[in-house]
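These are the residues of each chain, in order.
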Amino acid sequence: MEGHSHDKKESALILWLLNLGILVLAGRGANWSRLLSDKSYQHLCFGSAIALVPLWMLQAGIKEGLEFHFLGLTTLALMLGWRMSQFMALLSLLLVTLFGFEGWAHFGMNLMLGVILPISTSYFVFLLSYSYLTRHLFVYIFVAGFFNGALAIAVKSIAFAVYIADAGIYSWNTVVDNYLSILPLLLFPEALLNGMALTLLVVFRPQWVCTFYDRDYLNK
């Protein structure tokens with residue numbers, strides 16, 4: 001029993017060290033000077049973080065601890081870039097946890113699996129699409145936005161399911177029956193949420209999307 005408790009503490013410490021290392025890496029290249037000096041950029045960043053809070057509060061699930069919520073992190077990653085989006089999503093997670101919708105005991109896990117992993121997945125897919133696919137407006141919207149949103153929530157949910165089962169919180173069969181079985185129903189809505197949000201942004205506020213370049217996607 002003591003060995004199991006020791007293993008849990010060691011795993012938690014490793015998780016926090018990983019979180020800290022990734023945030024330090026993101027923070028070293030983030031544009032803090034612009035955030036401190038540009039009020040419109042401040043409004044964009046903090047407004048985006050606040051917008052995620054009610055989205056993450058809308059949780060549903062069959063069993064306690066196996067709740068789903070939409071992410072919206074693909075849009076955030078493409079708007080602010082990989083570095084700044086990590087910190088704005090961290091702010092959203094802090095607020096959701098303060099409001100009691102998530103537990104402090106699982107904050108490290110939520111940060112890694114619910115913030116860092118889906119943001120990194122989304123930005124990596126964008127980089128792949130930018131590097132290897134035709135740079136066209138519809139490629140950006142449907143691959144970097146629509147498909148990317150579905151992939152991000154799938155990666156996050158599968159990683160969370162593995163964590164829950166491995167930690168012994170629920171058996172694997174319970175996780176599959178009460179959590180992963182619902183995932184297919186969320187792929188299209190998450191994809192649509194991010195695809196529509198990015199469509200509106202690149203049409204009406206392209207200056208808000210740091211990964212959208214007119215010279216590449218429009219000026220052909």
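So, how was this worked out
Residues numbered from 1 in each chain as written. Predicted model: local features only at pLDDT ≥ 70, side-chain atom pairs only at ≥ 80, totals over all residues. Heavy atoms only, no water. Helix = DSSP H or I, 4+ residues; strand = E, 2+ residues; numbered from the N terminus. Buried < 20%, exposed > 50% of the residue type's maximum accessible area, 1.4 Å probe, protein only. Contact = heavy atoms within 4.5 Å. Phe/Tyr/Trp six-rings, centres within 6.5 Å; stacked < 30°, edge-to-face > 60°. Lys NZ or Arg CZ within 6 Å of the ring centre and 35° of its normal.

(A) Local environment of the environment of Leu23. Relative to the helices and strands, Leu23 resides in helix α1 (residues 2-29). Residue classification places Leu23 among the buried positions, given a relative accessible area of 15%. Residues Leu23 and Met84, 61 residues apart in the sequence, show an inter-C-alpha distance of 9.8 Å. Other than its neighbours up to four places away in sequence, Leu23 contacts Gln86, Phe87, Leu90 and Leu111.

(B) Region of the structure containing the packing of aromatic side chains. In the structure shown here, the tally under the stated rule is 16 aromatic pairs. On the basis of an interplanar angle of 20° and a centroid distance of 6.3 Å, the ring pair of Phe138 and Phe142 is categorised as stacked. Of the two residues, Phe138 and Phe142 both sit in helix α6 (residues 137-166), four residues apart, roughly one turn of that helix. For Phe138, a relative accessible area of 48% corresponds to the partly exposed category. Overall, the relative accessible area of 47% leaves Phe142 in the partly exposed class. In this structure an aromatic cluster arises from ring pairing among Tyr123, Phe126, Tyr130, Tyr140, Phe212, Tyr213 and Tyr217. The ring of Tyr213 has Arg215 lying over it, and the distance from NZ or CZ to the ring centre is 5.0 Å.

(C) Region of the structure containing the environment of Leu193. Along the polypeptide, Leu193 turns up in helix α8 (residues 183-204). For Leu193 and Phe146, which are 47 residues apart along the polypeptide, the C-alpha to C-alpha distance reads 7.8 Å. Setting aside residues up to four positions removed in sequence, Leu193 forms contacts with Leu55, Phe70 and Gly72.

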